[in-house]
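Here's the letter readout for the chains.
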Amino acid sequence: MEKPRQVAGGGRAVEVPPDRLAGWFDRFSVRHDGILTTEVAPRAVRALAGDGATATATVPFGPLAAPSGTFEGLVIDALLTHALAPRRIALVLVRVGAHSIGVASRGRVELSRTDRHLVQGRSAAGGWSQQRFARRRAGQARHALQDAAEDVLEVLVPRLSEVDAVVLGGDRRALDALREDRRLAPLFARAEPRVLEVGEPSRAVLDEAAVRALSVQVTLRDG
């Protein structure tokens, strides 16, 4: 389970593996004077505690089929059943200069492709040298993203019919650059709203992302 991180609008978010989700909500209930009510939406489950704290679980691979009732146990069980369902996922992790893509089943990578390219850092020089350096860096970044797009097209797009979802990770600007490639439109059309925060993509990072992609992000706000 990842360490909590601060989120916009206040509160903190944590990634909870599906098999620990029931225990997480049990502990939330004990620490915050019980759960008074739960609210269910296709993409979120919100629990309101007795002390005013809230825990909002973003439903992965939604929508969530709402249970026939809002009793806390029924709602959490429905979320747990949904999160534990076996899924095959396409993963796309991209940063300028590196990418790692693959297909994972039950949190284990079955096939992958990883590549790195030299993209120089920013120069402290000024004037003409800085402009020339910036052009060279932009060219390197463009080439790296083109190679990432070709790998996604070759490895993942032909397998879209075999996967249940697509999970993205890395730098949002790099991902947006890939979105502009119309050949990849079918893949991005199936991408989850959540984007994993990852370091420089590698096979090891891809393996970790395959597990994290199945987790449920819960945002906790104090009353």
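Criteria and thresholds
- Residues numbered from 1 in each chain as written.
- Predicted model: local features only at pLDDT ≥ 70, side-chain atom pairs only at ≥ 80, totals over all residues.
- Heavy atoms only, no water.
- Helix = DSSP H or I, 4+ residues; strand = E, 2+ residues; numbered from the N terminus.
- Buried < 20%, exposed > 50% of the residue type's maximum accessible area, 1.4 Å probe, protein only.
- Areas by Shrake-Rupley, 256 points an atom, 1.4 Å probe, with all protein chains shown as cover.
- pLDDT = per-residue confidence, 0-100.
- Contact = heavy atoms within 4.5 Å.
- Phe/Tyr/Trp six-rings, centres within 6.5 Å; stacked < 30°, edge-to-face > 60°.
- Pairing = 2+ DSSP bridges.
- Salt bridge = Lys/Arg side-chain N within 4 Å of Asp/Glu carboxyl O.
- Lys, Arg positive; Asp, Glu negative; His and termini not counted.
- Arc of directions from axis to C-beta.

A separate point is the overall build of the protein. Helices and strands together make up the secondary structure of the protein, namely 6 helices and 11 strands. Within the protein, buried positions represent 45% of all 223 residues. For the protein, the computed accessible surface area is about 11,800 Å², with 50% contributed by carbon and sulfur atoms.

Turning to the confidence of the model for the protein, a few remarks are in order. Residue-level pLDDT values for the protein average 88, and 86% of them are 70 or greater. The secondary structure element of the protein with the lowest average pLDDT is helix H3 (residues 127-156), at 75, and the one with the highest is helix H5 (residues 185-188), at 98. Low pLDDT, under 50, characterises residues 123-128; the predicted model gives this stretch 4 contacts beyond four residues in sequence or across chains.

One pass over the structure, following the stated rule, counts 2 aromatic pairs. Look at Trp24 and Phe25: their rings are 5.2 Å apart centre to centre, the planes differ by 75 degrees, and that puts the pair in the edge-to-face class. Ring geometry for Trp24 against Phe28: centres 5.8 Å apart, planes inclined by 10 degrees, an arrangement best described as stacked. Of this pair, Trp24 and Phe28 are both found in helix H1 (residues 21-31), 4 residues apart, which corresponds to roughly one turn of the helix. Relative accessible area serves as the criterion here: at 12%, Trp24 is assigned to the buried category. Through a chain of ring-to-ring contacts, three or more aromatic side chains come together here, namely Trp24, Phe25 and Phe28.

We now examine the sheet that holds strand E4 (residues 44-49). Taking strand neighbours across the sheet as the criterion, the 6 strands line up as E1-E2-E11-E5-E4-E3 in an open arrangement whose pairing is antiparallel. Each edge of the open sheet is held by one strand with a lone partner, namely strand E1 (5-6) and strand E3 (35-41). Relative to strand E5 (residues 54-58), E4 is paired through 5 bridges, and the arrangement is antiparallel. Along E5, the bridge assignment pairs Leu48 with Thr54.

A separate point is the pairing of strand E9 (residues 165-170). Most of E9 sits inside the fold, with 6 of its 6 residues counted as buried. Here strand E6 (residues 88-95) pairs with E9 via 6 bridges, running parallel. When the sheet's bridge partners are listed, Ile89 is paired in E9 with Ala165.

Once that is clear, we can look at the pattern of salt bridges. Under the defined criterion, the tally for this structure stands at 13 salt bridges. Arg183 is the partner of Glu150 in a salt bridge, and the nearest nitrogen-oxygen pair spans 2.9 Å. Residue Glu150 is found in helix H3, and its partner Arg183 is found in the loop between helix H4 (172-179) and H5; the two are separated by 33 residues along the sequence. Residue classification places Glu150 among the partly exposed positions, given a relative accessible area of 37%. Residue Arg183 is classed as partly exposed on the basis of its relative accessible area, which comes to 38%. Linking Asp181 and Arg183 is a salt bridge whose minimum nitrogen-to-oxygen distance equals 2.8 Å. Where salt bridges share partners, they join Glu15, Arg194 and Arg212 into one cluster.

Glancing now at the side chain of Glu192. Checked against the element boundaries, Glu192 lands in strand E10 (residues 191-196). No salt bridge is formed by the buried Glu192; the nearest opposite charge belongs to Arg43, separated by 4.7 Å. The contacts of Glu192, once residues within four sequence positions are left out, are Pro60, Phe61, Ala165, Val166 and Val167.

Turning to helix H6 (residues 203-212), its buried residues number three or more, namely Val205, Leu206, Ala209, Ala210 and Arg212. Each buried residue of H6 lies within a common arc of 165 degrees when the element is viewed along its axis, so the set occupies one face. Along H6, exposed side chains directed more than 90 degrees from the buried face belong to Ala204 and Val211. Looking at the buried positions of H6, the neighbouring elements they touch are strand E2 (12-16), E6, strand E7 (98-105), strand E8 (108-116) and E10.

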